[in-house]
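Listed below, chain by chain, are the residues.
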Amino acid sequence: MSSALAQAPEALPNPPTFKPKNNPGFILHGALKTSYEELPVPDVGPDEVLVEIKKTLKRVLVVTARPPLTSRVVYNTGKMGLVSCCGAMCLGHESSGLIIRLGANVAAKAVAADKASDALANGKADKATAQSVVGKRALRLGDKVTLEPGVTCRMCHDCRGGQYQICEHMAFAAYPPFDGTLQRYYKLPADLVYPLPESVDLVYGAMMEPLSVAVHAVANVGGLRTGQNVLIMGAGPVGLLAMGVAKGLGAGRIIGVDINQDRLNFAKSYAATDTYIPVKQEANESRPEYSLRAAADLLLTCGIPARGPGSIDLVIDATGAEVCIQMGLNAVRPGGVHVQTGFGPPDVQVPMFRIITNEITLKGGWRYGNGDYPLAIDLVARGLVNLEPLLTHTFKFEDALEAFEVTKAGKDKDGNFVIKCVIDGPE
């Protein structure tokens, strides 16, 4: 939410007047019905910035369960959870770009930071060094940034309490009815764009959104500590990123579970120390009985004790499948933590007796919150998380439909495995 007024009467946006190019957007009209249309160019408020979108990602669906609620789900079904796409809506939410206009207050902060840097340098240091000390978060024209695409009310109990990700008034990109980022221009409050280090390319800047989901689940909600063992259910994009985060944070063992051997082979080459394909369910075996047996088989196969040193401290479920949730809760050690980040059926059966008697902590992990984006950027900038192997395909803006179709299929026309597709911004 922008400030209602500029901080000073003379404050102006930078540049004061803006002559935009055209603003084409990739528009969804209903399930699998898309077009390109011209969208109005947003005008920035005092605390906002205008970003020219350069990269937007699409990720492949997870085969183990119903996928998370994102723009690709709206494309496939015309719905997102309990919300339906009831009108034309621009898709896209995982993006990066260049700042091309600063709101009045943002521009004033940049000027103030420059003056402070000049005073600090005072002939003793170069301006770039001084700027790294003063006003590091001051945004400037031309900055390459990654976008946190959800604007909250900033005034409710949840926002003011630090959990803005659960704000009931969230306006999230490509979540009906709000337009997404697959257009040339997109505006956000200045504190929801994060400058990228020189070492991080824009294409990986766009991947900070899903990486922040993994950071939130593993580090923020899950509280993973160095040396702990983590079980990750699902080797789709979020599961793989969770494995990467766990590795970057110094996890002991990282066990990836999926029903697709190709995914597990990739997971093992990427970040997992161990992989496991669940045993088959028997004909007359109930789901709770099966998940208990599968969890025991997982521990036995991987040589993991059920409790004590070497057991599983943290489970991240990135599938949403009921049987995977049950399996994870049966595999985690007594006193361990289970974080649910994958979406599935709205109501699932869980082993409540075990949760209670073993004091297992069951938590929800929803999108990302305070500190997740900066940690995601830092992990990539320091080389602790490698995003390059996850980027498999690139498309021009005019080929966005093909990108959605490829992610829907999970393989390209040549049969190549798809994880992440990047769509370039309009030329």
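Below: a short report on this structure. The structure presented is a predicted model; accordingly, all values stated were derived computationally and were not measured.

1. Here's the deal with the packing of aromatic side chains
What the rule picks out here adds up to 9 aromatic pairs. Judged by centre distance (5.8 Å) and plane angle (80°), the ring pair of Phe 18 and Tyr 185 falls under edge-to-face. Here the residue Phe 18 occupies a position in the segment before β1 (24-30), and Tyr 185 occupies one in strand β11 (residues 185-189), the gap between them amounting to 167 residues. A relative accessible area of 24% places Phe 18 in the partly exposed class. For Tyr 185, a relative accessible area of 2% puts it in the buried group. Residues Phe 343 and Trp 366 carry aromatic rings whose centres are separated by 5.5 Å and whose planes lie at 80° to one another, so their mutual orientation is edge-to-face. Note that Phe 343 is positioned in the loop between β17 (337-340) and α11 (352-357) and Trp 366 in the loop between β18 (361-364) and α12 (372-381), a separation of 23 residues in sequence. Overall, Trp 366 belongs to the partly exposed group, its relative accessible area being 27%. One aromatic cluster is present, formed by Phe 26, Tyr 36, Phe 397 and Phe 404 through successive ring pairs. Positioned above the aromatic ring of Phe 172, the side-chain terminus of Arg 367 is 3.7 Å from the ring centre.

2. Section: the nonpolar core
Among the nonpolar cores identified, the biggest contains 53 residues, and Met 208, Leu 211, Met 243, Ile 316, Leu 387 and Leu 390 are the most heavily contacted of them. Counting only elements with at least two residues in this core, the list comes to α5 (202-206), α6 (208-221), β13 (230-233), α7 (237-248), α8 (261-270), β16 (314-317), β17 and α12. Of the residues forming this core, the biggest block, 8 residues, is contributed by α6. Filtering out sequence-adjacent residues up to four positions away, Ile 316 remains in contact with Ala 217, Val 218, Val 230, Leu 231, Ile 232, Met 233, Ala 242, Val 339 and Thr 341.

3. Re the pattern of salt bridges
Scanning the model with the defined rule gives 14 salt bridges in all. Asp 114 is paired through a salt bridge with Arg 140; the nearest N and O atoms lie 2.8 Å apart. One end of the pair, Asp 114, is in helix α2 (residues 104-121); the other, Arg 140, is in the loop between α3 (127-133) and β8 (144-147), and 26 residues separate them in sequence. With relative accessibility at 21%, the residue Arg 140 sits in the partly exposed group.

4. Details of a negative patch on the surface
A contiguous patch of negative charge, built from Glu 398, Asp 399, Glu 402 and Glu 427, is present on the exposed surface. Mapping Asp 399 onto the fold places it in the loop between β19 (391-395) and α13 (400-409).

5. Quick word on the sheet that holds β1
Spatially, β2-β1-β6 is the arrangement adopted by the 3 strands of the open sheet, whose pairing is antiparallel. Strands at the two margins of the open sheet, each flanked by one partner only, are β2 (33-38) and β6 (89-90). Here β1 runs beside β2; their pairing, made up of 6 bridges, is antiparallel. Following the sheet pairing, Phe 26 is matched in β2 by Tyr 36.

6. Some words on the sheet that holds strand β14 (residues 254-257)
Taken in spatial order, the 6 strands make up an open sheet running β15-β14-β13-β16-β17-β18, and their pairing is parallel. The open sheet terminates on both sides in strands that have one partner only, identified here as β15 (274-276) and β18. On average, each strand axis in the sheet is tilted by 20° relative to the strand beside it, whichever way the strands run. Relative to β17, β16 runs parallel, the two sharing 4 bridges. Across the sheet, the residue bridging to Ile 316 is Val 339, located in β17.

7. Thoughts on unusual backbone geometry
Leaving glycine out, the prevailing phi sign among residues is negative, and the prevailing peptide bond configuration is trans. Each neighbour pair has its own omega, and for Asn 14 with Pro 15 the value is -5°, a cis peptide bond. By the secondary structure assignment, Pro 15 is in the segment before β1. Between Pro 176 and Pro 177 the backbone carries a cis peptide bond, its omega angle lying at 10°. Here Pro 177 is to be found in the loop between β10 (171-172) and β11. Located in the positive-phi region is Arg 154, a residue other than glycine, with phi close to 70°. Even without being a glycine, Glu 359 presents a positive backbone phi close to 45°. Positionally, Glu 359 belongs in the loop between α11 and β18.

The rules behind the values
Residues numbered from 1 in each chain as written. Predicted model: local features only at pLDDT ≥ 70, side-chain atom pairs only at ≥ 80, totals over all residues. Heavy atoms only, no water. Phe/Tyr/Trp six-rings, centres within 6.5 Å; stacked < 30°, edge-to-face > 60°. Helix = DSSP H or I, 4+ residues; strand = E, 2+ residues; numbered from the N terminus. Buried < 20%, exposed > 50% of the residue type's maximum accessible area, 1.4 Å probe, protein only. Lys NZ or Arg CZ within 6 Å of the ring centre and 35° of its normal. Core = buried A, V, L, I, M, F, W, Y, C linked by side-chain atoms within 4.5 Å. Contact = heavy atoms within 4.5 Å. Salt bridge = Lys/Arg side-chain N within 4 Å of Asp/Glu carboxyl O. Patch = residues over 30% accessible without salt bridge, like charges linked within 9 Å, V, L, I, M, F, W, Y side chains within 5 Å. Areas by Shrake-Rupley, 256 points an atom, 1.4 Å probe, with all protein chains shown as cover. Lys, Arg positive; Asp, Glu negative; His and termini not counted. Charge placed at Lys NZ, Arg CZ, Asp CG, Glu CD. Pairing = 2+ DSSP bridges. Axes fitted to C-alpha atoms, helices over the stretch in contact; angles between N-to-C directions.

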